[in-house]
Amino acid sequence: MIIVLGGLVIPPIAVLTQQSLTEALFDGSRGAFTFEHYERLFADPKLYVSARNSVTFATLSTIFALAFGGIIAWVVERTNAPLRGLAYLTTIISLGMPFILYVLAWLFLLGRAGPLNDFYRNLTGSTDTLFAVHSMAGMVLVETFSWLPLVFLLFSATFRASNAEMEEAARMSGASIIATVWHVSLKLARPAILATALFVFIRSLEAFDVPMLIGTPAGINLLTSDIFFSIRAVPPDLGHASAFSVLLTVVIAILMYFYGRISRSADRYATVTGKGYRPRPFDLGRWRWVGSLLVLLHFAVMLGLPLLGLLWVSVMPFVRPIRFAALPFATLKNYEAVFKVPAYLTLTWHTLVIAAAAATLGMALMVVTGWLVARRKPGATFLDQLTTMPLLLPGIVLGVAMMEIALRSPVPLYGTLAIIVIAFVVRYMPYGMRYAFSGVLQIHRELEEAAGVAGASTLTVLRRIVAPLLSPAIAAGWLFIFLNAAKELSIPILLSGPNTQTMAVAIFEQSTNGQFSELAALGLLWTLLMTVFAVVFYLLMRRQSSSAYR
């Protein structure tokens, strides 16, 4: 397993480092050692502008995502506000929507032809716009919305496990609900808040969809978009892109170090003990309707408005404002085109094959690795470190590295489905490891020892004992990798060829060509397919895991 995982993880990092420190020769090979790429990088004033934009974008997105997502999570888990179940339904369905489609939906809603600016013009008679979506504010707003599901899920787990005794003591001492939340609830959740904030900040630095679709038309470049443009230059400036990538990787590595330190100190804030654990919700009284309004706002922002905008665009022959006068022009031709064009069926097949293969291979590797690490076999620490290393590589950076590996390979790999699957396996390896490792920890080793005494080999123990009992964790990890790989853009946009595009790449290219109506129909059908697939798969695996324990 060390050889297999090392062969997957180490080459991308080695290739990036080599490209950034060597000259590029005319035949595509690497020449002498040089610092030229870094000297040119740091001498370019655009680097500092892009770095400042990236930090500003990531900081503001993190602050707003934590504020709104944390409030919704607290209302759902710690109060008796009605409609709390709607928040979970919203989050689950939103996870099936490709992120690039979500960005495009908000581009329409907040764009010049969208309902916000159209209402403003009708109200004031002005020809201007109230809100310019192609701006830093527009980038931050859409990125904030994109992180709400994850922030909600992370904070929900924290608030759900919080002991109510301290909060009740504060209330009995005369503290208001707001004072109790500020002085007790948030302070007890401080490790989760800091860890989540750092995680969202790191992932926002790595963001690609929003910078490309919203920032680039406004001339706002971030580090990730600079890397992409270096690759797409003619001829491609791989050395410059690699230097950019190494710089971003070093920044992420430093932030991940602090993320680990925060996570390790979380036990000092434990409140669930062997006595007095009562996770009772707050009674909001007459303020319950405020909590319900917040849940409805969460639904509108995360699901209602984006789906409504996409539905409107999908039934219009071209993008136009949402007005009753436009209803006679509604048509289903865009949906007919999606079903009639063979290329869309090919895109669907490619995406499903890539996502399923990456999820299957990734979880197969991580089940074995998670078992080895959890049972502290020889080399377990090194294996754990290997599976964590891909967290240091943003998607666009990993795409650059895998592209160079594919171009150097003696076997034709560039532009094939295989290189995209390999890249996704590396990309989501750390997440699959967490699912597998946590699941193995819940299986007592005496079951494996009993099988060993009965004469079972290690492979038999893994196949007949560990894997069936681990099926819930395997299913959860498989579904996580599948859904994320199906909507990932930053990796396949660099690795796919004309005949191996994924759905996310096709949506991106169609959006740049202005085919919004047909694109909206395609995106809605794809979202429906992913949602149905996730629900059916979850129900089937839940039934299978239940039978595994009987």
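Residues numbered from 1 in each chain as written. Predicted model: local features only at pLDDT ≥ 70, side-chain atom pairs only at ≥ 80, totals over all residues. Heavy atoms only, no water.

A. Geometry of the overall build of the protein. Scanning the protein from N- to C-terminus turns up 26 helices and two strands. Here the protein holds 550 residues, and the buried ones make up 51% of them. Restricting the contact set of the protein to residue pairs at least 6 apart, pairs at least 24 apart contribute 78%. Just so you have it, the protein exposes about 25600 Å², and 69% of that area is on carbon and sulfur atoms. (Helix = DSSP H or I, 4+ residues; strand = E, 2+ residues; numbered from the N terminus. Buried < 20%, exposed > 50% of the residue type's maximum accessible area, 1.4 Å probe, protein only. Contact = heavy atoms within 4.5 Å. Areas by Shrake-Rupley, 256 points an atom, 1.4 Å probe, with all protein chains shown as cover.)

B. Quick peek at the packing of helix α5 (residues 99-110) against helix α6 (residues 115-124). The contact between α5 and α6 brings their axes to 5 Å, and the two run at 0 degrees. On the basis of their axis angle, the class for α5 and α6 is roughly parallel. From α5, F108, L109 and L110 reach across to α6, where they touch P115, L116 and N117. Looking at the contact of α5 with α6 residue by residue, the classes come out as five nonpolar, one polar and no charged. (Axes fitted to C-alpha atoms, helices over the stretch in contact; angles between N-to-C directions. Parallel < 35°, antiparallel > 145°, perpendicular 65-115°, else oblique. Nonpolar A, V, L, I, M, F, W, Y, C, P; charged D, E, K, R; others polar.)

C. Region of interest: the packing of helix α16 (residues 342-374) against helix α17 (residues 380-388). Between α16 and α17, whose axes approach to 9 Å, the crossing angle comes to 140 degrees. Overall, the two elements α16 and α17 adopt an arrangement that is oblique. The handedness of the crossing between α16 and α17 comes out as left-handed. Residue-level contacts link M366, T369, L372 and V373 of α16 to A380, L383, D384 and T387 of α17. Residue composition of the contact of α16 with α17, grouped by class: five nonpolar, two polar and one charged. (Left-handed = near helix turned anticlockwise from the far one by under 90°.)

D. Structural context of the packing of aromatic side chains. On inspection of all chains with the given rule, the structure shows eleven aromatic pairs. Centroid distance W147 to F199: 6.5 Å. Interplanar angle 80 degrees. Geometry classified as edge-to-face. Residue W147 is located in helix α7 (residues 136-160), and its partner F199 is located in helix α10 (residues 190-205); the two are separated by 52 residues in the primary sequence. As far as burial versus exposure is concerned, W147 and F199 are alike and both buried. (Phe/Tyr/Trp six-rings, centres within 6.5 Å; stacked < 30°, edge-to-face > 60°.)

E. Structural context of the confidence of the model for the protein. Chain-level statistics for the protein give a pLDDT mean of 82 and a share of 89% at 70 or above. Across the protein, the element-wise mean pLDDT spans from 70 in helix α8 (residues 165-172) up to 94 in helix α19 (residues 417-427). Every residue in residues 266-275 scores below 50 in pLDDT, and together they form twelve contacts with partners more than four places removed in sequence or on other chains. (pLDDT = per-residue confidence, 0-100.)

F. View of the side chain of H350. Inspection of the secondary structure puts H350 in helix α16. With relative accessibility at 10%, the residue H350 sits in the buried group. Discounting chain neighbours no more than four positions away, the residues touching H350 are L417, N499, T500 and Q501.

G. Structural context of unusual backbone geometry. Residue R376 is not a glycine yet carries a positive backbone phi of 55 degrees. Position of R376 relative to the elements: it lies in the loop between α16 and α17. Residue R376 is classed as exposed on the basis of its relative accessible area, which comes to 52%.

H. Molecular detail of the layout of surface pockets. Computed from the structure, the second largest pocket encloses a volume of approximately 640 Å³. As for the second largest pocket, its lining consists of 21 residues, of which I71, W74, V75, I178 and V181 are closest to the centre. Elements with a contribution of two residues or more to the lining of the second largest pocket: α3 (45-78), α7, α9 (177-188) and α14 (288-314). For the lining of the second largest pocket, the element with the highest residue contribution is α3, accounting for six residues. Residue classes in the lining of the second largest pocket are distributed as 17 nonpolar, three polar and one charged. (1 Å grid on protein atoms, 1.4 Å probe; cavity = no way out; pocket = protein on both sides within 12 Å on 5 of 7 lines; lining within 4 Å. Points joined across faces, edges and corners; volume = space filled by probe spheres on them.)

I. Seen up close, the pattern of salt bridges. Tallied over the entire structure, the rule returns seven salt bridges. Of the charged contacts, one joins D118 and R121 as a salt bridge, the two residues approaching to 3.9 Å between their closest N and O atoms. Within this pair, D118 and its partner R121 are both found in helix α6, separated by three residues, close to a single helical turn. Note on accessibility: D118 and R121 belong to one class, buried. A salt bridge links E404 to R408; its shortest N-O distance comes to 2.7 Å. Of the two residues, E404 and R408 both sit in helix α18 (residues 395-408), four residues apart, roughly one turn of that helix. Overall, E404 belongs to the buried group, its relative accessible area being 3%. The partly exposed category is assigned to R408, whose relative accessible area is 38%. Salt bridges sharing partners connect three or more residues here, namely R203, E206, R427 and E488. (Salt bridge = Lys/Arg side-chain N within 4 Å of Asp/Glu carboxyl O.)

J. Inspection of a nonpolar patch on the surface at higher detail. A cluster of nonpolar side chains, contributed by L83, W287, W289, L293 and L296, occupies part of the molecular surface with about 530 Å² of accessible area. Within the secondary structure, W287 sits in the loop between α13 (238-264) and α14. Residue classification places W287 among the partly exposed residues on the basis of a relative accessible area of 45%. (Patch = residues over 30% accessible without salt bridge, like charges linked within 9 Å, V, L, I, M, F, W, Y side chains within 5 Å.)

K. How the structure looks around the environment of R464. Relative to the helices and strands, R464 resides in helix α22 (residues 458-469). Take R464: its relative accessible area is 55%, and that puts it in the exposed class. In sequence terms R464 and E448 are 16 residues apart; their C-alpha atoms lie 9.7 Å from each other.

L. Quick look at the environment of K46. Structurally, the position occupied by K46 is in helix α3. Here K46 falls in the exposed class, since its relative accessible area comes to 61%. Along the backbone, K46 and D226 are 180 residues apart, and their C-alpha atoms lie at a distance of 9.1 Å.

M. The side chain of Q510, seen in detail. Relative to the helices and strands, Q510 resides in helix α25 (residues 503-512). Non-local contacts of Q510, meaning those with residues more than four positions away in its chain, are made with Y344, Q515, L519 and L522.

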